[in-house]
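# Summary of the model geometry
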Amino acid sequence: MGEKHNGPVTRDGIRIHSEADFSGMRAAGRLAAEILDRIGEHVFVGQSTAEIDRIVEEMVNAAGATSATIGYKGYEHASCISINHVVCHGIPSDKKLKDGDILNIDVTVIVDGWFGDTSRMFVAGKLARKAERLIEVTHEALFRGIEAVKPGNTFGDIGFAIQSFVEAQRMSVVRDFCGHGLGAVFHAPPNVLHYGREGTGPVLEEGMFFTIEPMVNLGRPETKILADDWTAVTRDKSLSAQFEHSIGVTATGYEIFTLSPAGRFHPTYG
């Protein structure tokens, strides 16, 4: 599969990747996105999140890929599924989806040594207006963050673009979790904060790979971790939403590795 660790590293510890590395990330990102495209039909009222996860694992294996999350720090599932006030890292279970539930499904696959990491929102049954607005704001926030990606800008520019938009909508950005570098590893520098000040943080350079994955709450930003040591929920029990893409910095801007081949990244498509 070739050597993937010989690119330079910036003084902030961020690896700079080659054009060949972009090809590897495209393949991994596309598979992760295709799996989420196909999982949508399995999200419905009465379905269990354990069954959704089983189908995700089946799709990963059928593609000849590897799940990055099974066995990661003891985690046992091929996805994280976070319902309603769960912010992230929700564990699949026998819990059945109810009418109006919103859920984030997060999948990371390994293809020829490269990691493709993406998540998006899904809806079981009829979508309530306030949940719909939260999803719209979170989706827009992600893309505002992505639009700030180009060489010479900073990671603070990404965070500022997200935070300033979300807070103008009277919602809050979660600060306890962030995006991350990735590539031939699951998590690497930098931490990609979804809040911040313009012109601060490391400078973006061509060849950097990372995720942008804002979590937005209808209420306050504070979270807490449940007794399972994985599940993060909003402290005030308000609804939370998240979208995630894997990004590469190009000479003129960015490339999204995890674009939906079927155009289904947003749950109200079609």
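Just above, that's the structure.
So, here's what we can say about the structure. (Residues numbered from 1 in each chain as written. Predicted model: local features only at pLDDT ≥ 70, side-chain atom pairs only at ≥ 80, totals over all residues. Heavy atoms only, no water.)

## Considering the sheet that holds strand β10 (residues 215-217)
Strand pairing in a sheet relies on backbone hydrogen bonds. The paired strands run either parallel or antiparallel. Just so we agree on the cut-off: Any two strands with at least two DSSP bridges between them are considered paired. Note on conventions: DSSP H or I runs of at least 4 residues are helices, E runs of at least 2 residues are strands, and numbering of each starts at the N terminus. Contacts between residues were defined by any pair of non-hydrogen atoms, one from each residue, lying within 4.5 Å. Axis angles are defined between N-to-C directions and span 0 to 180 degrees, where every axis is a line fitted to C-alpha atoms and, for a helix, only to the segment in contact.
The antiparallel open sheet is built from three strands, whose spatial order is β6-β10-β13. The open sheet is flanked by β6 (172-173) and β13 (240-242), the only strands paired with a single partner. Sheet topology places β10 next to β13; three bridges connect them, and they run antiparallel. The residue of β13 that forms the bridge with M215 is Q242. Contacts from helix α3 (residues 129-147) reach β10 and β13 within the one sheet, and its direction differs from that of β13 by about 35°.

## Digging into the pairing of strand β4 (residues 102-111)
Side-chain positions along a regular strand alternate between the two faces of the sheet. Note the following rule: When accessible area is computed with a 1.4 Å probe and restricted to protein chains, residues below 20% of their type maximum are described as buried, those above 50% as exposed, and intermediate ones as partly exposed.
Taking burial as the measure, the 10 residues of β4 include nine buried ones, the bulk of the element. As defined by bridge partners, strand β1 (residues 66-67) adjoins β4 across two bridges and the pair is classed as antiparallel. In the sheet register, S67 faces β4, and the bridge partner there is V109. As paired strands, strand β2 (residues 80-83) and β4 are joined by four bridges and run antiparallel to one another. Bridging across to β4, S82 finds its partner in N104. Where β4 meets strand β5 (residues 114-123), 10 bridges bridge the pair, whose relative direction is antiparallel. What sits directly across from I105, in β5, is R120. Connecting the antiparallel pair β4 and β5 is a turn made up of two residues, with D112 showing a positive phi of about 50°.

## A word on the nonpolar core
Here is a general trend for soluble globular proteins: nonpolar side chains tend to be buried in one another's company. Inclusion rule: To form a nonpolar core, buried Ala, Val, Leu, Ile, Met, Phe, Trp, Tyr and Cys residues must be joined to one another through side-chain atoms within 4.5 Å.
I102, I158, V166, F210 and I212 are the most contacted members of the largest nonpolar core, which totals 36 residues. Those elements giving two or more residues to this core turn out to be β5, α3, α4 (155-168), β9 (209-212) and β14 (245-249). Per element, the largest residue contribution to this core is seven residues, and it comes from α3. Residue contacts for V166: discarding those within four places in its chain leaves V137, A141, M171, S172, V173 and V216. If you look at the next biggest cluster of nonpolar residues, it comprises 34 residues, including M25, L36, A65 and A78.

## What to know about the sheet that holds strand β3 (residues 86-88)
On the basis of which strands lie adjacent, the open sheet formed by three strands has the order β3-β12-β11 and antiparallel pairing. Looking along the sheet, the strands with just one partner apiece sit at the ends: β3 and β11 (223-225). In this sheet, adjacent strand axes meet at a mean angle of 40° when their direction is disregarded. One ladder, built from two bridges, connects β3 with strand β12 (residues 232-234); its direction is antiparallel. By the bridge assignment, C88 is partnered in β12 with A232.

## As for unusual backbone geometry
A cis amide bond, omega 5°, links P189 with the succeeding residue P190. Relative to the helices and strands, P190 resides in strand β8 (residues 188-192). The phi torsion at H89 lies on the positive side, around 65°, for a residue other than glycine. Checked against the element boundaries, H89 lands in the loop between β3 and β4.

## Structural notes on helix α2 (residues 49-62)
Our working definition: In this analysis, the expected span of each helix is defined as 1.5 Å times one less than the number of residues it contains. By definition, the arc is the one covered by directions from the helix axis to the C-beta atoms.
Here α2 spans 20 Å end to end across 14 residues, near enough to the 20 Å set by a 1.5 Å rise per residue. Every buried residue of α2 is listed here: T49, I52, D53, I55, V56, M59 and V60. Around the axis of α2, the buried residues are gathered within 160° of arc, so they sit on the same side. Taken together, the buried residues of α2 touch α1 (19-39), β1, β2 and β4.

## Notes on the pattern of salt bridges
Basically, it comes down to this: Salt bridges are counted wherever a side-chain nitrogen of Lys or Arg sits within 4 Å of a carboxyl oxygen of Asp or Glu.
Per the counting criterion, the structure on display carries 10 salt bridges. With a closest N to O distance of 2.9 Å, E34 and R30 form a salt bridge. Of this pair, E34 and R30 both sit in helix α1, four residues apart, which is roughly one turn of the helix. For R30, a relative accessible area of 46% corresponds to the partly exposed category. Taking the shortest distance from any N to any O, the salt bridge between E51 and R54 comes out at 2.8 Å.

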